[in-house]
Structures are given as C-alpha cells and as structure tokens.
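Here is how the chains run, residue by residue.
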Amino acid sequence: MNPSLYNNVLNEETALSVARAFGVENESPAVRATLLAELGTNITRRITLDILNVLPENKRADFEALIGTEKLDDMYTLIKSHIKDLDAFVQASARHEIDETLAVMAQPEYV
C-alpha cells in the first residue's frame with residue numbers, strides 16, 4: 001500500500017459502485033462528488049479508529065502524534081509493524097464503513 005495509507009480507498013471503480021449502492025449515480029457530478037467526499041472522510045475516520053484499536057496501547061500516542069503530519073513513512077512503518085496486510089485491513093475498514101452507512105440509510109426514519 002502507498003504510504004499515504006488512505007489514498008485511493010475510493011478509486012473510480014469503487015466510487016461508481018458506491019454511487020450506485022447509495023442511489024446517487026444519476027445525480028450531478030458535483031452532488032456525487034460532495035457525497036463521496038463526505039463518505040471518504042467517514043472512511044478515513046473509520047480506518048484511523050480501527051488502526052487505533054489494533055495498536056498496542058503504548059503505541060497509540062505515537063500514532064496519534066503522526067496523524068496530520070507529513071511523516072507518512074514513519075506512520076506507515078509504525079502501522080505495518082502491527083498490521084501485516086495493511087491493504088486488506090484498509091479495504092475491510094472501508095467496506096465496513098460503507099456497509100454501516102448503507103444500513104443507516106435504509107432505516108425508515110432516514111428514507
């Protein structure tokens with residue numbers, strides 16, 4: 001995985017699939033882009049929380065200190081020492097967030 005960690009989680013193919021799942025594939029490109037950007041933000045938060053849950057307690061502060069910095073290689077090294085298949089981990093976290101969002105949107109009070 002690219003050391004940027006979260007880039008391309010919503011690649012073009014995934015974004016189109018997600019747009020279909022959310023029923024926004026026929027919306028204007030601007031509306032789709034806004035919705036997918038918001039989902040991307042939620043996915044990034046989910047991945048970050050999932051990483052924090054996997055890291056040993058004594059490494060969490062180190063990870064939190066690296067969030068938002070340009071020290072992506074340091075972040076990548078820290079995470080890879082605890083998550084061997086980071087690509088699969090990130091994809092699973094992203095899928096979980098997408099599924100959870102779809103489940104919330106399917107609730108009668110949301111529709």
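Residues numbered from 1 in each chain as written. Predicted model: local features only at pLDDT ≥ 70, side-chain atom pairs only at ≥ 80, totals over all residues. Heavy atoms only, no water.

A.B. asks: Looking at this structure, how should I read the nonpolar core?
C.D. replies: Nonpolar side chains in soluble globular proteins generally cluster together in the buried interior. In this structure, Ile 51, Phe 63 and Ile 79 are the most contacted members of the largest nonpolar core, which totals 23 residues. At the level of elements, α1 (12-21), α2 (29-54), α3 (57-66), α4 (72-80) and α5 (86-105) are the ones that each hand at least two residues to this core. At six residues, the largest contribution of residues to this core is made by α2. (Core = buried A, V, L, I, M, F, W, Y, C linked by side-chain atoms within 4.5 Å. Buried < 20%, exposed > 50% of the residue type's maximum accessible area, 1.4 Å probe, protein only. Helix = DSSP H or I, 4+ residues; strand = E, 2+ residues; numbered from the N terminus.)

A.B. asks: In this structure, what is going on with α1? I would like to understand it.
C.D. replies: Working note: α-helix, 3.6 residues per turn, so residues spaced by three or four point in the same direction. Buried residues of α1: Ala 15, Val 18 and Ala 19, and no others. Angularly, the buried residues of α1 cover 105° about the axis, an arc narrow enough to put them on a single face. Against α2 and α5 lie the buried residues of α1. The first or second residue beyond α1 is Gly 23, which carries a positive phi of 70°. (Arc of directions from axis to C-beta. Contact = heavy atoms within 4.5 Å.)

A.B. asks: Please clarify how the pattern of salt bridges should be interpreted in this entry.
C.D. replies: Overall, the coordinates contain two salt bridges when judged by the stated rule. Across the pair Glu 97 and Arg 46 runs a salt bridge, and its minimum N-O distance is 2.7 Å. Taken as a pair, Glu 97 in helix α5 and Arg 46 in helix α2 lie far apart in primary sequence, 51 residues in all. Assigned by exposure class, Glu 97 and Arg 46 land together as buried. Here Asp 99 ties to Arg 95 by a salt bridge, and the two come within 3.1 Å at their closest N and O atoms. Taken together, the residues Asp 99 and Arg 95, both in helix α5 and four residues apart, mark about one turn of the helix. (Salt bridge = Lys/Arg side-chain N within 4 Å of Asp/Glu carboxyl O.)

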